[in-house]
Amino acid sequence: MRQGRDDGYPEFAAARAGHLYRSACLLTGGDTHLAEDLVQETLGRVYLKWGRISGADNPAGYVQTVLTRTFLAHRRRHSSRRERATDVLPEVPGAADGDASLRLTLFQALGQLSAKDRAVVVLRYWEDRSVEETAAAMNTSSAAVRTRCVRALARLRSLLGDALGEYARP
């Protein structure tokens, strides 16, 4: 039985872990430790059901959905207490590849959104999912996703103000 679950799982997990981690960092507003925990928990859940998941049409999409739901469940469980070890993000390998001030500004802005609004932004604009796919991943209606999208983008615009145009230029 264990042989069937391991078939192809290590390769899949190794190939998707980086993308899952980046998505988790966006979901958590830059909390790298929580992001690592979410990826670990997601990969553990996927491992338990790998025989079924590996036969799905889009295992990568399924795993992204598991990550999002894991994040939302974590936020519900820990909504009464919010701990942050530091406001400074640690250096991440490959961080020199982009604009660090942009990354920090975006993480701070994302961190000020509610968990569900942040999940909508990440799924719609980072994962490039449709409204329907996002609704399915979050187990909500398409109308709720559209409403949250409008609200979250308006909040990001108010937080980033004129700086958004400055960061968007090449």
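Definitions and limits used
- Each chain carries its own residue numbering, running from 1 in the direction its sequence is written.
- At least 70 in pLDDT is required for a residue's local features to be given in this predicted model, at least 80 for side-chain atom pairs to be given and counted, and no such filter applies to totals for whole chains, interfaces and linings, which use all residues.
- Water and hydrogen atoms were dropped before computing side-chain values, which therefore reflect all heavy atoms in the structure.
- Planes of paired rings set the category: under 30 degrees apart is stacked, over 60 is edge-to-face and the rest tilted, where pairs are Phe, Tyr or Trp rings (Trp by its six-membered ring) whose centres lie within 6.5 Å.
- By the criteria applied, helices consist of DSSP H or I runs no shorter than four residues and strands consist of E runs no shorter than two, each listed in order from the N terminus.
- Buried residues are those whose accessible area, probed at 1.4 Å on protein chains only, stays under 20% of the maximum for their type, while exposed residues exceed 50% and partly exposed ones sit between those limits.
- Residue types Ala, Val, Leu, Ile, Met, Phe, Trp, Tyr and Cys, when buried and joined through side-chain atoms within 4.5 Å, form a set referred to as a nonpolar core.
- The contact rule is simple, with two residues in contact once any of their heavy atoms fall within 4.5 Å.
- Whenever a carboxyl oxygen of Asp or Glu lies within 4 Å of a side-chain nitrogen of Lys or Arg, that contact is scored as a salt bridge.
- Axis angles are defined between N-to-C directions and span 0 to 180 degrees, where every axis is a line fitted to C-alpha atoms and, for a helix, only to the segment in contact.
- When an angle is under 35 degrees it counts as roughly parallel; over 145 it counts as roughly antiparallel; between 65 and 115 it counts as roughly perpendicular; any other value is oblique.
- Ten residues, namely Ala, Val, Leu, Ile, Met, Phe, Trp, Tyr, Cys and Pro, are considered nonpolar, four, namely Asp, Glu, Lys and Arg, are considered charged, and the remaining ones, Gly among them, are considered polar.

*Asks:* Sorry, what's going on with the packing of aromatic side chains here?
*Replies:* The description of two aromatic rings rests on the distance between their centres and on the angle between their planes. For the structure shown, the criterion picks out three aromatic pairs. Summarising the aromatic geometry, the rings of Tyr9 and Tyr47 are spaced 5.2 Å apart at their centres and angled 70° between planes, so their arrangement reads as edge-to-face. Within this pair, whereas Tyr9 is found in helix 2 (residues 9-27), its partner Tyr47 is found in helix 3 (residues 32-48), the two being separated by 38 residues in sequence. Residue Tyr9 shares its accessibility class with Tyr47, and that shared class is buried. A centroid spacing of 5.5 Å and a plane angle of 75° characterise the contact between Tyr9 and Trp50, whose relative ring orientation is edge-to-face. Here the residue Tyr9 occupies a position in helix 2, and Trp50 occupies one in helix 4 (residues 50-53), the gap between them amounting to 41 residues. Neither Tyr9 nor Trp50 differs from the other in exposure class; each is buried.

*Asks:* So what exactly am I meant to see when it comes to the nonpolar core here?
*Replies:* General note: in soluble globular proteins, nonpolar side chains tend to be found buried as a group. One finds Tyr9 and Phe71 to be the most contacted residues of the largest nonpolar core, which totals 40 residues. Of all the secondary-structure elements, those providing two or more residues to this core are helix 2, helix 3, helix 4, helix 5 (59-77), helix 6 (100-111), helix 7 (115-126), helix 8 (131-138) and helix 9 (142-160). In terms of residue count, the dominant contributor to this core is helix 2 (eight residues). Leave out the neighbours within four places in its chain, and Tyr9 touches Leu43, Gly44, Val46, Tyr47 and Trp50.

*Asks:* Explain the pattern of salt bridges here, please?
*Replies:* Where charged atoms from two side chains of opposite charge come close, those side chains can pair. The full count for this structure, using the stated rule, is three salt bridges. For the salt bridge of Asp117 with Arg148, the shortest nitrogen-to-oxygen distance reads 2.8 Å. Taken together, the residues Asp117 in helix 7 and Arg148 in helix 9 connect sequence positions 31 residues apart. We classify Asp117 as buried; its relative accessible area is 5%. Of the charged contacts, one joins Asp117 and Arg151 as a salt bridge, the two residues approaching to 3.9 Å between their closest N and O atoms. Remark: Arg151 occurs in helix 9 and Asp117 occurs in helix 7; sequence separation between them is 34 residues. A residue is classified by how much of its surface remains accessible, and Arg151, at 44% relative accessible area, is partly exposed. One network of salt bridges, with partners in common, ties together Asp117, Arg148 and Arg151.

*Asks:* It is not clear to me how unusual backbone geometry should be interpreted in this structure. Could you clarify?
*Replies:* Phi is mostly negative for residues that are not glycine, and the peptide bonds are mostly trans. A positive phi is found at Asp128, a non-glycine position, where the angle reads about 55°. Along the polypeptide, Asp128 turns up in the loop between helix 7 and helix 8. Located in the positive-phi region is Asn139, a residue other than glycine, with phi close to 60°. Here Asn139 lies in the loop between helix 8 and helix 9.

*Asks:* Where do I start with the environment of Gly111 in this structure?
*Replies:* Its place among the elements puts Gly111 in helix 6. Given the relative accessible area of 22%, Gly111 is considered partly exposed.

*Asks:* Honestly, the packing of helix 7 against helix 9 in this entry has me stumped. Any pointers?
*Replies:* To describe two helices that pack against each other, one gives the angle between their axes and the distance between the axes. Remark: helix 7 packs on helix 9, axes separated minimally by 9 Å, with the N-to-C direction vectors making an angle of 95°. In terms of axis orientation, helix 7 runs roughly perpendicular to helix 9. Contact residues: helix 7 offers Lys116, Asp117, Val120, Val121, Arg124 and Tyr125, while helix 9 offers Val145, Arg148, Cys149, Arg151, Ala152, Leu153 and Leu156. Taken together, the residues of the contact of helix 7 with helix 9 sort by class into eight nonpolar, no polar and five charged.

*Asks:* I tried to follow the environment of Val122 on my own but got confused; where do I start?
*Replies:* Among the secondary structure elements, Val122 is positioned in helix 7. For Val122, a relative accessible area of 3% gives the class buried. Taking the C-alpha atoms as reference points, Val122 and Ser23, 99 residues apart in sequence, are found 7.1 Å from one another. Discounting residues that sit within four places of it in the chain, Val122 has contacts with Ser23, Leu26, Leu27 and Glu127.

Structural measurements only, silent on function.
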